[in-house]
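Residues per chain, in single letters:
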Number of protein chains: 2
Amino acid sequence: MTDAPDSVAGMEPTPYDPSAVSHLLGALAYAQLSGFGELAAGAQLSPHLAAKGAIAGMAASVYRQFAAVSGRLTALGETPEAAMAPFVEAIDAFHARTAPSDWLEALIKAYVGHGIARDFYAELVNYVDGDTREFVLTLLEDSGQARFISETVREEIADDKRLGGRLALWARRIMGEALQQAQLVAGESDALTELLVGGEHGADLAEFGRIFGRIADAHTRRMERLGLSA
Amino acid sequence: MTDAPDSVAGMEPTPYDPSAVSHLLGALAYAQLSGFGELAAGAQLSPHLAAKGAIAGMAASVYRQFAAVSGRLTALGETPEAAMAPFVEAIDAFHARTAPSDWLEALIKAYVGHGIARDFYAELVNYVDGDTREFVLTLLEDSGQARFISETVREEIADDKRLGGRLALWARRIMGEALQQAQLVAGESDALTELLVGGEHGADLAEFGRIFGRIADAHTRRMERLGLSA
């Protein structure tokens, strides 16, 4: 758009605060590093060796995603630890408030948490460069884990209505905490907040509402796939 | 050796109880699945994000080894869970008796435990088929983790003699528990015991003593590399 009326020759407008990318990747990296630990702990809670192995495999796959994001931060000249640091407190607080008491709660947390995280980062990358967008969207594609979780949960609740009720409540709690955490994470970084709620190329306040509306709708559809009421 | 005096034409002697291979791989698989969980928990104890990421990476790499052994069991027509089951109690008991209280204890445990496990399985595979031997030896090659651990531990104890003393004691305890566990693991399976202590092609009792002597010597050399007295 070199002929856009408000562009000045030789001075392309910055589409977004460049630090937004390192903040976005830093938040994502720590979400994955801590998600790895949560899933690994969930594997320890499993009553069967098969489930233990499967959940450990999910944890290992989340670790690979963390390693990919770390590598990208390094390639961009950032120190992964420095990029993650601002988000540690908010993400740790989320995990502290949502410690699973058994392996099924751990699975539901992984399913709900990963779904919301994917939707949240997919919204954020709408406003950054195409390379970063492509990288994040490819990274967060589901690699069959959601299917394993939904099959396992459906099987476990099939004969136990009370369990289904308890897990539906648990999923609602995770959803509430995760949305609150997503806002805290965005709030830790002016650049991220701007991506979501304003700035020349960021989303405006009405769009902000629509974003969380879309995330909530997607959550409801995922709950139906689990066989749980949202 | 077709002209060996005690061979009977058309009746090659079975070199070992064939179930020894599935027992060996089953014990190894569960050692890795539980080692994954231990390392992942150790990552959670790390005070720095860099160490947390590095230890999580070791856990993910141990998971990949578990997945490789599982895959091999499946290819041999075995169910990995059934092959692991006899060894769960002994290995879980080892971990319960050696729960690390901080990240450095977790690192020392990984270092000592992996070293002893590697030596132990390397001795066991002396008596099984070449394919299994090659598979296990390649799998247990060190992938640079020992170096990360020894550098980290040397750095941490450089200015703190008391810490060095505490970690040396801890390493001795792990060594004692691991040797005891190795005997319990072998004891869970007649086929494995035979590989170690007797049977036509297994090690005899004197060899058994030499095996544990070699494992202890290798442990002493590893402790020196950590800068700890054995």
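Everything below is about the structure shown above.
All of these numbers come straight from a predicted model, not from anything done at the bench.

Enquirer: For this particular structure, what's the right way to read the overall build of chain A?
Expert: Regarding its fold elements, chain A presents 10 helices and zero strands. Listed N to C, the secondary structure of chain A is α-α-α-α-α-α-α-α-α-α in terms of helices and strands. Evaluated residue by residue, chain A yields a buried proportion of 50% over its 230 residues. For chain A, the share of sequence-separated contacts (at least 6 apart) that also reach a separation of at least 24 residues comes to 78%. Split by element, the accessible area of chain A, about 10700 Å² in all, is 53% carbon and sulfur.

Enquirer: Explain helix 7 (residues 145-158) of chain A to me, please; I cannot follow it from the model alone.
Expert: What sets the pattern is the α-helix's 3.6 residues per turn: residues three or four places apart point alike. Residues and elements named next belong to chain A. End to end, helix 7 covers 20 Å across 14 residues, agreeing with the expected 20 Å (1.5 Å per residue, within 8%). Within helix 7, burial applies to Gln 145, Ile 149, Ser 150, Thr 152, Val 153 and Ile 157. All buried residues of helix 7 lie within an arc of 165 degrees about the axis, which places them on one face of the element. Exposed side of helix 7, more than 90 degrees from the buried face: Arg 147, Glu 155 and Ala 158 are the residues found there.

Enquirer: Looking at this structure, I do not really get the pattern of salt bridges. What am I missing?
Expert: Side chains that carry opposite charge are capable of pairing whenever their charged atoms lie near each other. Residues and elements named next belong to chain A. Counted under the stated rule, the structure contains 14 salt bridges over all chains. A salt bridge links Glu 177 to Arg 97; the nearest nitrogen and oxygen atoms lie 2.5 Å apart. Of this pair, Glu 177 sits in helix 8 (residues 161-187) while Arg 97 sits in helix 4 (residues 88-97), and the two are 80 residues apart along the sequence. The exposure class of Arg 97 is partly exposed, given its relative accessible area of 30%. Members of the salt-bridge network, linked through shared partners, are Asp 102, Glu 105 and Arg 166.

Enquirer: Can you help me understand the packing of aromatic side chains in this one?
Expert: Two descriptors summarise a pair of aromatic rings, namely the distance from one centre to the other and the angle between the planes of the rings. Applying the stated criterion to the full structure yields seven aromatic pairs over all chains. On the numbers, 6.1 Å between centres and 85 degrees between planes, the contact of Phe36(A) with Phe36(B) is edge-to-face. Residue Phe36(A) is located in helix 1 (residues 19-44), and its partner Phe36(B) is located in helix 1 (residues 19-44); the two belong to separate chains. As far as the burial class goes, Phe36(A) and Phe36(B) line up, both buried. Seen from their ring centres, Phe36(B) and Tyr63(B) are 6.0 Å apart, and the 70 degrees between their planes marks the pair as edge-to-face. Taken together, the residues span a long stretch of sequence, with Phe36(B) in helix 1 and Tyr63(B) in helix 2 (residues 49-75) at a distance of 27 residues. Relative accessible area serves as the criterion here: at 1%, Phe36(B) is assigned to the buried category. Within the aromatic cluster, the residues linked to one another by ring pairs are Phe36(A), Tyr63(A), Phe66(A), Phe36(B), Tyr63(B) and Phe66(B).

Enquirer: Looking at this structure, I do not really get the relation of the copies chain B and chain A. What am I missing?
Expert: Relating one copy of the chain to the other requires a rotation about an axis plus a shift along that axis. Its rotation angle being 180 degrees, the transformation that places chain B on chain A also includes 0.0 Å of axial translation and leaves an RMSD of 0.0 Å. The symmetry that links the two subunits is that of a two-fold axis. Judged by C-alpha distance, Ala60(B) is the residue of chain B that lies nearest the rotation axis, at 2.4 Å. Both copies present the same face, since 100% of the interface residues in chain B are matched by interface residues at the equivalent positions in chain A.

Enquirer: Which parts of the structure should I look at to understand the interface of chain B and chain A?
Expert: It is common to give the size of an interface as the accessible area that goes away when the parts come together. Each partner contributes residues to the interface: chain B has 20 residues there, and chain A has 20 residues. Together, the buried faces of chain B and chain A total about 1700 Å²; carbon and sulfur atoms form 77% of this surface. Ranking the residues of chain B by area buried against chain A places Phe36(B), Leu49(B) and Tyr63(B) at the top, with a combined share of 30%. Our enumeration of links across chain B and chain A arrives at zero salt bridges. Applying the counting criterion to the chain B and chain A interface returns two residue pairs in polar contact (both at pLDDT 80 or more).

Enquirer: Would you mind going over the packing of helix 1 of chain B against helix 4 (residues 88-97) of chain B with me for this structure?
Expert: Each packed pair of helices is defined by two parameters, the angle between the axes and the distance between the axes. Residues and elements named next belong to chain B. Look at helix 1 against helix 4: their axes get within 10 Å of each other, and the N-to-C directions meet at 30 degrees. Overall, the two elements helix 1 and helix 4 adopt an arrangement that is roughly parallel. Considering how the two elements wind past one another, helix 1 and helix 4 form a crossing that is right-handed. Contacts between helix 1 and helix 4 involve Ala 27, Tyr 30, Ala 31, Ser 34, Gly 35 and Glu 38 from the former and Val 88, Ile 91, Asp 92 and His 95 from the latter. Its residues assigned to classes, the contact of helix 1 with helix 4 shows five nonpolar, three polar and two charged.

Enquirer: Sorry, what's going on with the environment of Ala186(A) here?
Expert: Among the structural elements, Ala186(A) can be located in helix 8. With near-sequence residues (within four places) excluded, Ala186(A) lies in contact with Phe120(A), Leu192(A), Thr193(A) and Leu196(A).

Rules and cut-offs
Residues numbered from 1 in each chain as written. Chains lettered and ligands numbered in written order. Predicted model: local features only at pLDDT ≥ 70, side-chain atom pairs only at ≥ 80, totals over all residues. Heavy atoms only, no water. Helix = DSSP H or I, 4+ residues; strand = E, 2+ residues; numbered from the N terminus. Buried < 20%, exposed > 50% of the residue type's maximum accessible area, 1.4 Å probe, protein only. Contact = heavy atoms within 4.5 Å. Areas by Shrake-Rupley, 256 points an atom, 1.4 Å probe, with all protein chains shown as cover. Expected span 1.5 Å × (residues − 1). Arc of directions from axis to C-beta. Salt bridge = Lys/Arg side-chain N within 4 Å of Asp/Glu carboxyl O. Phe/Tyr/Trp six-rings, centres within 6.5 Å; stacked < 30°, edge-to-face > 60°. Least-squares fit on C-alpha atoms with pLDDT ≥ 70 in both. Buried area = accessible area lost by both parts, 1.4 Å probe. Polar contact = N/O pair within 3.5 Å; in protein donor to acceptor, adjacent residues only side chain to side chain. Axes fitted to C-alpha atoms, helices over the stretch in contact; angles between N-to-C directions. Parallel < 35°, antiparallel > 145°, perpendicular 65-115°, else oblique. Left-handed = near helix turned anticlockwise from the far one by under 90°. Nonpolar A, V, L, I, M, F, W, Y, C, P; charged D, E, K, R; others polar.

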